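# Descriptive structure summary
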Amino acid sequence: MNILNDCKRKSILVCFCLLFFISSFAQKPKAPIMGWSSWNNFRIHINEELIKQQADAMITSGLYQAGYRFINIDDGYFGGRDSAGKLFSHPQKFPSGMKALADYIHSKKLKAGIYTDAGKNTCGSMYDQDERGLGVGIYGFVKQDCDLFFKEWGYDFLKVDWCGAEKMKLDEATEYLKIIDAVKAIDDDIIFNVCRWKFPGEWVIRKANSWRVSGDIVEKFSSILKIIDLNAELYKYASAGHYNDMDMLQVGRGMSYDEDKSHFSMWCMLNSPLLAGNDLRNMSSQTLEILTNKELIALNQDKGFKQAQRILKEGGVEVWLKPLGTQDKHKAIAIFNRGDKEAVFNATAEKLKIDDHSKIRDLWQHKNLGKLKNNQQFTIPKHGIVVIKTV
């Protein structure tokens, strides 16, 4: 009898451990997504051939090997709704339909993203005079559209804008939570982005995978600085699988090389999703070098999932620190020159909040610098950045 009870106890223990392991594996948090989105470069002027070409270029350019996976179709694909209220794509721009396009993207081992508005009308209908964007928002069609996007068409990501909803004076938490619940009930692995153009509120931080913290980014350094500042104190709301979204990348769209490097570095340091917004078919070698810097990408994808914090301001130079790994054993440090002229920064262990004996590596030069010297100097061009980590 005692032997039988002992066997039962052991069986229960084994089952409990197995369930715990399965549960832990299933709940493994997701790093910020990496990919490409159509809006920055093309706005509503998209079609299925263009999207296919971007998917192809993601593979051939080396972006896929660097970790980029999502091809996100933003506003501009809508055709309207039929007599039953079912959405359909623009017949001339997307003649094969949205399912066929998702299938093509998936055939490249990529993930497919799609767009809607929380209200009745899209942003493109208001700001780009897209008549096809009228009446195609998700308001009043939440279950029907979610079933279409994910069960029928097979998409993996949803961005939900707020233009139509703002016009209707809807309540943000009410509408977004309704949509999030519908999406996650279909598949919890679907990535959900709240595009409210400001931090939406604490209701979002455990529900959405990411949420915009600013208005639309533009290809100017002043826009980059504004978004960084808006996100500086929001680190307390970010956590594993839930991130402050600083909007799509403007790398390769007209800023200087140093400005692009700073832009990309800070998006990596602050754990923003990395969604390229340039035309992937004709990137310069400099643009590709920036977007595929695996040492910077590793900071963004770090398994500690911590957003960097600003720890020092000295003239036009700022120091940002990001703990790495689950034990915070190592740190990444960005020394960022916001100023309009070259700056010389004297680095000390105290300023950088690292140990005196720390050895460092430069993540843009891809080389170890050895032990941090006392008052080690870094010369940083205007709008430029140095990113190091302890090794």
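What counts as what
Throughout this document, residue positions are counted from 1 along each chain, in the order its sequence is written. Restriction of local features to residues with pLDDT of at least 70 applies here, the model being predicted, together with a cutoff of 80 or more for giving and counting side-chain atom pairs; totals for whole chains, interfaces and linings are based on all residues. Side-chain numbers here rest on the full set of heavy atoms in the structure, without hydrogens or water. Helix and strand definitions follow DSSP, with helices as H or I runs of at least four residues and strands as E runs of at least two, each counted in order from the N terminus. For this measure, only C-alpha atoms enter the radius of gyration; the expected value for a globule follows 2.2 Å times N^0.38, where N is the number of residues. Throughout, exposure labels follow a simple rule: accessible area from a 1.4 Å probe, protein chains only, divided by the maximum for the residue type, with under 20% read as buried, over 50% as exposed, and the rest as partly exposed. A contact between two residues is defined here by any heavy atoms of the two lying within 4.5 Å. By definition, disulfides here are pairs of cysteine sulfur atoms that lie within 2.5 Å. On a scale of 0 to 100, pLDDT captures the predictor's confidence in every residue. Between the N-to-C directions of two axes lies an angle of 0 to 180 degrees, each axis being a line fitted to C-alpha atoms and, for a helix, fitted only over the stretch in contact. What sets the label is the angle itself: under 35 degrees gives roughly parallel, over 145 gives roughly antiparallel, 65 to 115 gives roughly perpendicular, and the rest give oblique. Left-handed describes a crossing whose near helix is turned anticlockwise from the far helix by less than a right angle; the clockwise case is right-handed. Any residue outside Ala, Val, Leu, Ile, Met, Phe, Trp, Tyr, Cys, Pro, Asp, Glu, Lys and Arg is labelled polar, Gly included; the first ten of those are nonpolar and the last four are charged.

Moving on to the overall build of the chain. When you go through the chain residue by residue, the secondary structure sums to 14 helices and 18 strands. Taken against the 2.2 N^0.38 rule, which gives 21 Å for 391 residues, the C-alpha radius of gyration of the chain at 23 Å falls within 12% of a compact globule. Structurally, the chain occupies a C-alpha span of about 80 × 75 × 40 Å along its principal axes. The buried share of the chain, taken over its 391 residues, is 55%. Relative to all contacts within the chain whose residues are 6 or more apart in sequence, the contacts with residues 24 or more apart total 68%.

Next up on the list: the state of the cysteines. Under the counting rule described, the total for this entry stands at one disulfide. The disulfide that involves Cys123 links it to Cys163, with 1.8 Å between the sulfurs. Between Cys123 and Cys163, the S-S torsion sits near 95°, and that sign places the bridge as right-handed. Residue Cys123 is located in helix H6 (residues 123-127), and its partner Cys163 is located in helix H8 (residues 163-167); the two are separated by 40 residues in the primary sequence. For the pair shown, Cys123 and Cys163 are each scored as buried. In this structure Cys146 is not part of a disulfide, and its nearest cysteine sulfur, from Cys195, lies 16 Å away. On the accessibility criterion, Cys146 (0% relative accessible area) is buried. Between Cys195, a free cysteine, and Cys123, which holds the nearest cysteine sulfur, the sulfur-to-sulfur gap is 6.7 Å.

As a further point, take the confidence of the model for the chain. Taken over all residues, the pLDDT of the chain has a mean of 94, while the share at 70 or more is 93%. Considering only residues more than four positions removed or in separate chains, one finds that residues 12-25, a stretch of pLDDT under 50, has zero contacts.

A few words now on the packing of helix H3 (residues 48-60) against helix H5 (residues 98-107). Their axes nearest at 10 Å, the elements H3 and H5 cross at an angle of 10°. In this view, H3 runs roughly parallel relative to H5, as classed from their interaxial angle. Crossing of H3 against H5: the hand is right-handed. Facing Glu48, Ile51, Lys52, Ala55 and Asp56 of H3, the residues of H5 in contact are Leu101, Tyr104 and Ile105. For the contact of H3 with H5, the class distribution of residues is five nonpolar, no polar and three charged.

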